[in-house]
Every structure is written in C-alpha cells, then in structure tokens.
Amino acid sequence: MSSAEPSTHVRLTLHGVSLGLTSGLDDFARYVEETMRPFLTDVHAGPARVDSRLEWVEGAPRRDLEGAFGVRAYDRRPDRDLYLDGTTAYWLRIDDFEDLQLAASWESGRLSLRGRYHFRLGRGRGEWARKLVYRHRLDALRARRFSTLLYYLVYHPLLWILSRERGWHLLHGGAVTSRQGAVLFGGMPGCGKSTLAVAMTADPEWHMLSDNLVLHDAQRLLACPELLLLDAVSRERVGPAMTRLKRTGERRVYERDAYRPEKTVLEPVLPKAIFHVERGRSSALARISPEACASRLTADSAMAKEVRREALMSHVLDLIADRGAPDAARDLGKLTESARCYALQVAEGGSIFEVIERHVMPTLATSTQAARRQHA
C-alpha cells in the first residue's frame, strides 16, 4: 500500500462560504480548479470555514479505526462503521463509495475534513497484476473517481453549512432565470430537465442557475453551479444554445464533454413557474397542485444519488456539530405554493425547442398576467 501526502492547495468561495482544499494527487487538484474556476480565490487568504484534505492511497482500505486513522479512543459508535469522539467523526465505510474514508471535525465554527481515498481495481489478491495490465489507463481510471470525491470534499460540506446556517435546501433540478423571473425544472435523473434548462439559454435573455442541483429557502432559488456534461445527442438537441457554452476540454464518463455556461446567476431569484418533467410518447402540459408538485420533487431528489449522499453526510456532520436540518417538507410546500406548478411531458426524440415554444413560454406569459391581476 502506498499513499501520497497532501501537497497541492486550492481555495474557493461559494455563496460566501470559503473552502480550502489540499490534495495529495495533483490531477485531482487540477480537476477541482477547472470545475470550480469561477469561484477560486487567493490560496493565501485567512482560515477557511471548511478545510478539506485528500490523501490518495494505492491499495485496499483498513476497516478498523486504528488502521484507518491511527486512532484508538472514541466515545460513541452509533453505526458499525461510524465512530464519534467528541466533535470528531470517523467514517470508515461510506455506503456506495466505500473506498473513501472520512474524518470530520467541528471546532469554533470551522469544519475540517480528512478524506482517505483508496484506489484499487478490484477485490482480493492480484491487485498489482491488474494495475500492470491496465498501466496505460491508470490515470484515466483514477480520474473516474474525481467527480464523486469533489462532491464529498467540496460540495457536500459547503451545502451543509448553507443548509444549517442559512436554511437552504437541496433539490434535484435545473433552473434558469431572466427579467421575467426564474423557472425550475424538476424531475428524476435522465428525464430531460437539464436539456430543457440549457436549451432555454439559446434565448440571450435567459441565464443558467444550475442544470442538476438547485437550492431553495422556501421562497427563492439559488444556484448550485457545476460544469454542464453533454453527450453528442444532448448537444444536437440544444442546438443554438451551444454558442453560449464554453468547452473546458475535459471528457467525462458516458462520452460527455464538460462545458461552462457563458453566465451563471449566483444571486437568489424568485420562481415564476415549476415544471415537473417526465418523458412520454407525446408532449403535454397540465396544471398540478402545489401539494402534488412538492410530492413529485421530493421523489425526484430521493432518486438522485447526489442528493441522497449529501443528506447522509449532513446527518453525520450534525452529530459532531449538534445541528439539525431545517424542515424540508414544510419549506418545499411553501416553495411550490409561491409559483405555478405544472406537469410537463416531453416526447422522446422530439424537438426540445418545440416544447419550449408550445408549453413553457406560453405558460410563463400566463403566469405573468396572473401575477399582474393579483397585484392590481
């Protein structure tokens, strides 16, 4: 077993919360820098609210506390793989990303994370032989782990602070905004909401908030900005919207290229309409109640692994910081009551711009007229 000690530093700030990352793998540090480029700040700034460290280990993880983190003593053990020692948690097996182990400490309002990722190509004996066979692809295979590590070491801790201190909740959805107001597209993974959000920006009046994860505080939407990942089919479907995206030069899994929006709106915005998106044989639109909309958005987030992982990690951090989550069901109900809610069915293989022209834009015009009548 070999490991790389953290050496490369990255500093960023998202929605006023600062994070410093130290990585023992230069390739991962460069990945974070490229993904979070608009939010990078001076690495020599004062102490960050979140201090994250990645230790990259070649080999299988140890499943005992001393073997993993060199620690023997602990106060509590609420789960087989979770040890608590005052304001520190040691998490030795993280569900479906079990080769990452985390030590998290909360002290004086600052969060420290130490992540040990164990890179291996299989289970059992013969690891050296497998790496010999794949020696020309090892860098690419390592890079496949980067997106999930980015969530655990960057997004999840930032989102936890935004949730517990400022009342922001995470939703699986895409959102765009203009002077007319914001539009939220919710839906389960692969439903087409990201394509809709990107296609909306073909009109220069519309700008991206997010295409995958969105924050809300019961009244407003807030971006959880990420790079857009588009395959050849998606690029063809969004057509003219591609002119407002900048390719980073990276290629991710499933043959998707990474793009950065021309502009991402980072200020909180008020939603005008919420569309729950599903695929179907034909395109159709129907008005739904705020209660039905909230129920569907809840199911969407439960199906999204990024949201499930964030929620689980937040609960672990709550144990060491003595925090609690804001009432998600109550606040989602308030959000859906604040905007008109629709079920939007999108025909598979059909024109996404026809859906926008026939269903989305007329609905926004109707919402504007209704709002004017309400304030008259």
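This text follows the structure it describes.
Residues numbered from 1 in each chain as written. Predicted model: local features only at pLDDT ≥ 70, side-chain atom pairs only at ≥ 80, totals over all residues. Heavy atoms only, no water.

Turning our eyes to something else, we now look at the overall build of the chain. In terms of helices and strands, the chain carries 11 helices and 20 strands. For 376 residues, the compact-globule estimate of 2.2 N^0.38 gives 21 Å, and the chain sits close to it at 22 Å. Judged by the C-alpha coordinates and their principal axes, the chain covers about 65 × 45 × 40 Å. Carbon and sulfur atoms make up 49% of the accessible area of the chain, which amounts to about 17400 Å² in all. (Helix = DSSP H or I, 4+ residues; strand = E, 2+ residues; numbered from the N terminus. Rg over C-alpha atoms; globule rule 2.2 N^0.38 Å. Areas by Shrake-Rupley, 256 points an atom, 1.4 Å probe, with all protein chains shown as cover.)

Burial analysis of strand S11 (residues 181–186) places 6 of its 6 residues in the buried class, which makes it a mostly covered element. With 6 bridges connecting them, strand S10 (residues 169–178) and S11 associate as antiparallel partners. Its bridge partner lying in S11, Val176 is registered against Val183. Between S10 and S11, which pair antiparallel and follow one another directly, the connecting turn spans 2 residues. (Buried < 20%, exposed > 50% of the residue type's maximum accessible area, 1.4 Å probe, protein only. Pairing = 2+ DSSP bridges.)

Moving on to helix H1 (residues 26–35). Listing the buried residues of H1 in full gives Phe28, Ala29, Tyr31, Val32, Glu34 and Thr35. Contacts from the buried residues of H1 go to strand S2 (8–14), strand S3 (17–23), strand S4 (50–58), helix H5 (146–166), strand S16 (245–252) and strand S17 (256–261). (Contact = heavy atoms within 4.5 Å.)

With 14 residues, helix H8 (residues 290–303) extends 20 Å from end C-alpha to end C-alpha; this agrees with the ideal 20 Å at 1.5 Å per step. The set of residues buried in H8 consists of Cys293, Ala294, Leu297, Asp300 and Ser301. Around the axis of H8, the buried residues are gathered within 120° of arc, so they sit on the same side. Against the buried residues of H8 lie S10, S11, strand S18 (271–280), helix H9 (305–321), helix H10 (328–337) and strand S20 (340–347). (Expected span 1.5 Å × (residues − 1). Arc of directions from axis to C-beta.)

What follows covers the packing of aromatic side chains. Under the definition given, this model contains 14 aromatic pairs. Plain terms: the ring middles of Phe69 and Tyr90 are 5.6 Å apart, the flat faces sit at 45° to each other, and that makes the pair tilted. Within this pair, whereas Phe69 is found in helix H2 (residues 65–69), its partner Tyr90 is found in strand S7 (residues 88–91), the two being separated by 21 residues in sequence. On the basis of relative accessible area, Tyr90 is assigned to the buried category, the value being 11%. (Phe/Tyr/Trp six-rings, centres within 6.5 Å; stacked < 30°, edge-to-face > 60°.)

Right, let's talk about the pattern of salt bridges for a bit. Counted according to the given criterion, the structure contains 33 salt bridges. Two residues, Arg247 and Asp257, come together in a salt bridge whose shortest N-O distance is 3.2 Å. With a gap of 10 residues between them, Arg247 in strand S16 and Asp257 in strand S17 connect regions that are remote in the sequence. Under the relative-accessibility criterion, Arg247 is labelled partly exposed at 46%. Several salt bridges share partner residues, and in doing so they unite Arg80, Asp81, Arg93, Glu98, Asp99, Arg120 and Arg123 into one network. (Salt bridge = Lys/Arg side-chain N within 4 Å of Asp/Glu carboxyl O.)

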